[in-house]
Amino acid sequence: MPPTTEETMSEHHWDAIVVGGGLGGLTAGALCAIEGMRVLVLERHDKVGGAATVYRRKHLDIEVGLHELDGLDAEDFKLRLWRKLDLERWIEPISEGVLYEVRHGDHPPVVMPEGFEPAIQALSAQFPDQAVGIHRYFDTLRTIQGAMKTLTAEYRPAGWWFRDLPRALVALIPNVRQSLDGLLRDCFGDDPRLPRILAANLLYYADDPRKMALPFYAAAQGSFHRGGGHYLKGGSQRLSDTLAAIVVDNGGQVRTRRQATRLLIDQGRIAGVAHEHAPLLTREGPPPPPTGEDPQTDTAPVVLGNAAPQVLADLLPEPQASKLRGAFQGRAPSISLWALYLGFDRPPADFGVAHYATFVLPESFQSPRDWASQAALLGEPPTRHSGQQLAFTFLDYSRLGDTGLNREGRMLGTLTGVDRLENWEDLSEEDYRARKSAWQAQLLERLEGCFPGIGSAIVFQEFATARTMAKYLNTPGGAVYGFNPSPGEFRPPKAATPIPGLYLASAFGAMGGGFTGAMLSGEQAAKEVLALW
Ligand SMILES: Cc1cc2nc3c(=O)[nH]c(=O)nc-3n(C[C@H](O)[C@H](O)[C@H](O)COP(=O)(O)OP(=O)(O)OC[C@H]3O[C@@H](n4cnc5c(N)ncnc54)[C@H](O)[C@@H]3O)c2cc1C
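Residues numbered from 1 in each chain as written. Predicted model: local features only at pLDDT ≥ 70, side-chain atom pairs only at ≥ 80, totals over all residues. Heavy atoms only, no water.

**Topic: the overall build of the protein chain**
No. 1: Each helix and strand counted, the protein chain has 18 helices and 20 strands in total.
No. 2: For 533 residues, the compact-globule formula gives about 24 Å, and the C-alpha radius of gyration of the protein chain, at 23 Å, lands near that figure.
No. 3: Across its three principal axes, the protein chain shows a C-alpha extent of roughly 75 × 65 × 40 Å.
No. 4: Of the contacts made within the protein chain by residues no fewer than 6 positions apart, 76% connect residues no fewer than 24 positions apart. (Helix = DSSP H or I, 4+ residues; strand = E, 2+ residues; numbered from the N terminus. Rg over C-alpha atoms; globule rule 2.2 N^0.38 Å. Contact = heavy atoms within 4.5 Å.)

Pasting the structure below:
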């Protein structure tokens, strides 16, 4: 029987619409849905997850954007949302008990174990002359992290206001404007040896320690040290699919291949979203133009914006568009990344790969400040010299045992480094491909230099650049971590925007980027929405 007009109307009205199916949007949507809100998620890609997706090529499952998820221990900020959504039941974290290995030039590799104490002990044993600095560094991370936990605690015990709060503020306030670079200099002076190792994974947040806010770094890096770095069995796609399933199981809808084209405003506040059939994103070539097909409108008093604020502003009419742009003016997008996805027919361990995550720094790489010049390298065709300057991480997923990926004898390995869209955006399609394959060849040569013979086991390769990230995520500059976490930009979390009814639920949101940041931003948005519901 065809639906009555009333039923058709009610199908188009929701309590909240999520624009973009990345982790932040899915988390916000799931948290609202379990509280009884009717939620619609619109995602332009053919699967949910944004950077948290897995795709299939020639019998190989390729993990797009999960190297390591921090924490998941009892102190983790995101544990409460993890539990609220019952994710422990569906998501199995796996790790090898080592955070990462650092290979700097021809120097002996240094291994960073998981856990604060094991890290302090291992590093103090190798660098006894820096033991004081090492303790100071880890104490600072722990203190700031504890303060942030106190400030964001949901449960505030008796005495919180006059005992815990002042203590947290005393710990945090002197560090609010501090940078990571400042902390490293305070602890180690001009000696770059420890900073190089401690911030070897800086590309998980930013590319310049001078422009990296210490509180953000302390929360994220501290969580890696304390709780470890985990992969998730079944890949990031399982996490994204689980969150989407929670929305659906609680009366919501998740629609892929739907591109939001306009945010509707009524009497100054959000009233709904117009959307249309999205073109299929293809591996090669620029993003296809809008289809204009199957336009639809759904109404809701709340929009949870998972797309970047700049993208949301483009969907708004005036004066709301300018208002939203104004609210985020001057905030630089984060770095983007390049990623070379490799399929192996033999385990990389056969060629000397000793850990899941290996950070490879060239001999010329002195201090973490050298990350800042990394992105520009790909702005030119490679030379033998520039190819040797690249710093990168190599992830060997086969070291984790059963990841739920790597079927049919193929094993996934990924090289990743810092990138910027400016490196690629003005190139013709032909020049883009030529430069990409030249860099790809250089990267394989570098990998071969580190692990002789490994090239013979490569049966598949695919290179993604900042241009790929911009195409698939629709973020300005192909940013993968929202806004750059610059010093001084640390502020009390707030997801609401100047447009009534519009909230940010993404890496650009209240709690920053990465899996944890995006999910916590989603949680913050849900909290603010539910408080008014
Ligand atoms: C190669 C790589 C490695 C990474 N490694 C790690 C790691 O090891 N650990 C970690 O914590 N983080 C890592 N990250 C970062 C992390 O994946 C991201 O910060 C996080 O997933 C971003 O989530 P988000 O909610 O902001 O959404 P995004 O992932 O940015 O997704 C946004 C979604 O919105 C959709 N969208 C945009 N515009 C529209 C529109 N108009 N209509 C409909 N849909 C729209 C997009 O299609 C996309 O699906 C990595 C990222 C990459 C790319």
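Continuing now.
**Regarding unusual backbone geometry**
No. 1: For the peptide bond that leads from Glu318 to Pro319, omega is 5 degrees, which places it in the cis range.
No. 2: Along the chain, Pro319 falls in the loop between α12 (309-315) and α13 (320-327).
No. 3: Unusually for a residue other than glycine, Arg257 sits at a positive phi of about 55 degrees.
No. 4: A positive phi is found at Asp294, a non-glycine position, where the angle reads about 50 degrees.
No. 5: With respect to the helices and strands, Asp294 occurs in the loop between β12 (269-277) and β13 (296-299).

**Notes on the sheet that holds strand β17 (residues 392-396)**
No. 1: An order of β8-β7-β16-β17-β18-β15-β19 is seen for the 7 strands of this open sheet, with the pairing classed as mixed. Only two strands of the sheet have a single partner each, and these edge strands are β8 (110-113) and β19 (458-464). Recorded for the sheet is a direction-independent mean angle of 20 degrees between the axes of neighbouring strands.
No. 2: Direction of pairing for β17 relative to strand β18 (residues 411-419): antiparallel, over a ladder of 4 bridges. Directly across from Phe394, in β18, lies its bridge partner Leu415.
No. 3: The strands that helix α16 (residues 429-450) touches are β7 (98-104), β15 (336-344), β16 (357-361), β17, β18 and β19; relative to β19, the one it contacts most, it runs at about 130 degrees. (Pairing = 2+ DSSP bridges. Axes fitted to C-alpha atoms, helices over the stretch in contact; angles between N-to-C directions.)

**Points about the layout of surface pockets**
No. 1: There is about 280 Å³ of room inside the second largest pocket.
No. 2: Lining the second largest pocket are 14 residues; nearest its centre among them are Gly105, Asp106, Arg446, Gly449 and Cys450.
No. 3: Every element with two or more residues in the lining of the second largest pocket is listed here: β16 and α16.
No. 4: At 4 residues, α16 tops the list of elements feeding residues into the lining of the second largest pocket.
No. 5: In terms of residue class, the lining of the second largest pocket is made up of 5 nonpolar, 4 polar and 5 charged. (1 Å grid on protein atoms, 1.4 Å probe; cavity = no way out; pocket = protein on both sides within 12 Å on 5 of 7 lines; lining within 4 Å. Points joined across faces, edges and corners; volume = space filled by probe spheres on them. Nonpolar A, V, L, I, M, F, W, Y, C, P; charged D, E, K, R; others polar.)

**Brief notes about the packing of aromatic side chains**
No. 1: Taken as a whole, this structure holds 19 aromatic pairs when the rule is applied.
No. 2: For the ring pair Trp160 and Trp161, a centre distance of 4.9 Å and an interplane angle of 85 degrees mean the geometry is edge-to-face.
No. 3: Residue classification places Trp161 among the exposed positions, given a relative accessible area of 60%.
No. 4: Judged by centre distance (5.0 Å) and plane angle (90 degrees), the ring pair of Phe483 and Phe508 falls under edge-to-face. On the criterion of sequence distance, the pair formed by Phe483 in the loop between α17 (466-473) and β20 (502-504) and Phe508 in the loop between β20 and α18 (514-532) is long-range, its members being 25 residues apart. Phe508 shares its class with Phe483; the two are buried.
No. 5: Three or more aromatic residues link up through ring pairs in this structure, and these residues are Tyr100, Tyr204, Phe224 and Phe359.
No. 6: A cation over an aromatic ring shows up here: Arg142 above the ring of Phe116, its NZ or CZ 4.7 Å from the ring centre. (Phe/Tyr/Trp six-rings, centres within 6.5 Å; stacked < 30°, edge-to-face > 60°. Buried < 20%, exposed > 50% of the residue type's maximum accessible area, 1.4 Å probe, protein only. Lys NZ or Arg CZ within 6 Å of the ring centre and 35° of its normal.)

**Here we look at the pairing of strand β4 (residues 60-63)**
No. 1: What you see with β4 is no split at all: Leu60 and Ile62 on one side and Asp61 and Glu63 on the other are buried throughout.
No. 2: As paired strands, strand β3 (residues 54-57) and β4 are joined by 4 bridges and run antiparallel to one another. The residue bridging Tyr55 from the neighbouring strand is Ile62, located in β4.
No. 3: Where β3 hands over to β4, the hairpin turn is made up of 2 residues, of which Lys58 adopts a positive phi near 40 degrees.

**Describing the pattern of salt bridges**
No. 1: A complete count under the given rule lists 27 salt bridges for this structure.
No. 2: For the salt bridge of Arg399 with Glu96, the shortest nitrogen-to-oxygen distance reads 3.3 Å. Placement of Arg399 in the loop between β17 and β18 and of Glu96 in the loop between β6 (93-94) and β7 is noted, with a sequence separation of 303 residues between them.
No. 3: By relative accessible area, Arg399 is classed as partly exposed at 32%.
No. 4: Residues Arg467 and Glu429 are paired through a salt bridge, measuring 2.8 Å at the closest nitrogen-oxygen approach. Of this pair, Arg467 sits in helix α17 while Glu429 is found in helix α16, placing the two residues 38 residues apart along the sequence.
No. 5: With relative accessibility at 17%, the residue Arg467 sits in the buried group.
No. 6: With relative accessibility at 23%, the residue Glu429 sits in the partly exposed group.
No. 7: Because the salt bridges share partners, they merge into one network encompassing Asp181, Arg185, Asp190 and Arg369. (Salt bridge = Lys/Arg side-chain N within 4 Å of Asp/Glu carboxyl O.)

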